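The chain contents come next:
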Amino acid sequence: MTGDGERALAHRALGYLDGDQAQATVTSERSLLSRFARSAATQATAIDDTSVELLCVLDGHTGAASTNQLDDEGLAAAASLARAAAAAAARSGSGPYPGLPRPAETRPHEGFDPATAMLDPAEAGAALKAAFGCAGAAGLEAFGIWTAGEVRTAIASSTGVTLTDAVTDAHMKVIARDEHGRSGYAATTAVSAGAIDAAALAAAAAAKVSAMQPGELPPGEYHVVLDHAAVGTLLEFLGWLAFNGLAHAEQRGALSGRLGERVAAPCINLADSPRAPGTLPRSFDAEGVPKRPLPLIQDGIAHAVVHDTRSAAQALASSTGHALAPGGAPDGPAPTNLVLAGGGAATLEELCAPIERGLFVTRLWYVNTVEPRHALLTGMTRDGTFLIEDGVITRPLRDVRFTDSALRILAATEELTAGQRLVSDADFYGRRFANGVLCPALRAEGFRVSGGSA
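Here the structure is a predicted model, which means the values were calculated and not measured. (Residues numbered from 1 in each chain as written. Predicted model: local features only at pLDDT ≥ 70, side-chain atom pairs only at ≥ 80, totals over all residues. Heavy atoms only, no water.)

Observations regarding the packing of aromatic side chains
Then, number 1: Summed over all chains, the structure comprises four aromatic pairs.
Then, number 2: Ring centres 6.5 Å apart and planes at 55° place the aromatic pair Phe360 and Phe386 in the tilted group. Here the residue Phe360 occupies a position in strand S12 (residues 357-371), and Phe386 occupies one in strand S13 (residues 376-389), the gap between them amounting to 26 residues. For the pair Phe360 and Phe386, one class covers both residues: buried.
Then, number 3: A cation sits over an aromatic face here: Arg282 above Phe433, 3.7 Å from the ring centre.
Then, number 4: The ring of Trp365 carries Arg382 above its face, with NZ or CZ at 4.1 Å from the centroid. (Phe/Tyr/Trp six-rings, centres within 6.5 Å; stacked < 30°, edge-to-face > 60°. Helix = DSSP H or I, 4+ residues; strand = E, 2+ residues; numbered from the N terminus. Buried < 20%, exposed > 50% of the residue type's maximum accessible area, 1.4 Å probe, protein only. Lys NZ or Arg CZ within 6 Å of the ring centre and 35° of its normal.)

Description of helix H1 (residues 4-14)
Then, number 1: Looking only at H1, the buried set comprises Glu6, Leu9, Ala10, Ala13 and Leu14. What you see down the axis of H1 is that its buried residues fit within an arc of 135°, all on one side.
Then, number 2: Among the structural elements, strand S1 (21-37), strand S2 (40-58), helix H2 (72-90) and strand S4 (141-157) are those in contact with the buried residues of H1. (Arc of directions from axis to C-beta. Contact = heavy atoms within 4.5 Å.)

Quick word on the nonpolar core
The tendency in soluble globular proteins is for nonpolar side chains to be buried as a group.
Then, number 1: Leu226, Leu235, Leu238 and Leu359 are the most contacted members of the largest nonpolar core, which totals 50 residues.
Then, number 2: Top contributing element to this core by residue count: helix H6 (residues 228-241), with six residues.
Then, number 3: Residues within four places of Leu359 in sequence aside, it is in contact with Leu217, His223, Val224, Val225, Thr385, Phe386, Ile388, Leu397, Val400, Phe447 and Val449.
Then, number 4: Residues Leu32, Ala127, Trp146 and Ala176 belong to the second largest nonpolar core, which totals 26 residues. (Core = buried A, V, L, I, M, F, W, Y, C linked by side-chain atoms within 4.5 Å.)

Written as structure tokens, this is what we have:
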């Protein structure tokens, strides 16, 4: 994938922009998505779209506009809107944006799979058929999605940045459910659609559906084993609440005043690692700054937060290559390739072994932030919640509500599995931007159950 077409379009679009500085970003997406419910296909979509986002910088203010009308008239109109927005902001006086970054060398990655980029609908059909067959053999129905996509990006700026990148991703989620509504969950995300084993996913989801009546767990604090999907959700929230450089600079982040301090157990080593095997890599961020590894927590000690150009200027730091939008996203930057290092446990069963009475959680659902400054979250368990007794998973439980701090859970972590999985929600309701958290499962003490799940 050379990206010649996207590069040429970015330079053509840049020609319509004036101002102190300007950037044109071209994003070309081709993707397929198939939804299914009750072991039947319910929706199939295909996207083939190229859009251009234009950024104008005037007196330290930014204005942006986007279009997928790629003729001269469409590009000129979008450029005019971007400049008008920047000019309107500039009338208030000099702004805080320090200017677009200069060119810097990027490194290649292995995030593009040519076979996945072919986007063969038959591959989706085969995956759904396999999942339906496996779930049916267990007397269950399958629900979920299968999706794959190719995204090509080109950036051209007035500072001399000229970059192209191409990535692919694939994701499948299977929820197996019985006639009483009891359910189990499994999912896979990868660069290649060939890495998805639909039958294995359905089998893993089905294995978490128990014929036993679920028990009740009263509110309290419990030893917990969080499976990979649950850990990934906590870390995704932590990415915004603790490592967002804008929130940190404004002293509202969960690590404000705590860099250099112990914030997690010594076994916690967390980094943003854009080229780690098993992740969904990219060469550069939305401002064209190269992606590089960044240690965030090492041996439990908080080391860094992530920055785009705007937040870095506010913090008197440098961009770490984490811009989510040209000129910086309103909510600030965030890590998109979080990797939590594995531990010494070979299996989930080994994690459970020391627990006399506790809780096994497959995944978390409907999670919301309660108090950002302390990374306090609330949400429900879902699709596989079980009681652990005398070191063994024994019987299903009704889903529970938890209210706990993601940082506190990391501080209370006792052990992690050696094996990691890439966890991703893959909720592509806007422009496709595949990302995820590569993480192990973990055991922690004091997980705070605050009530039942309606």
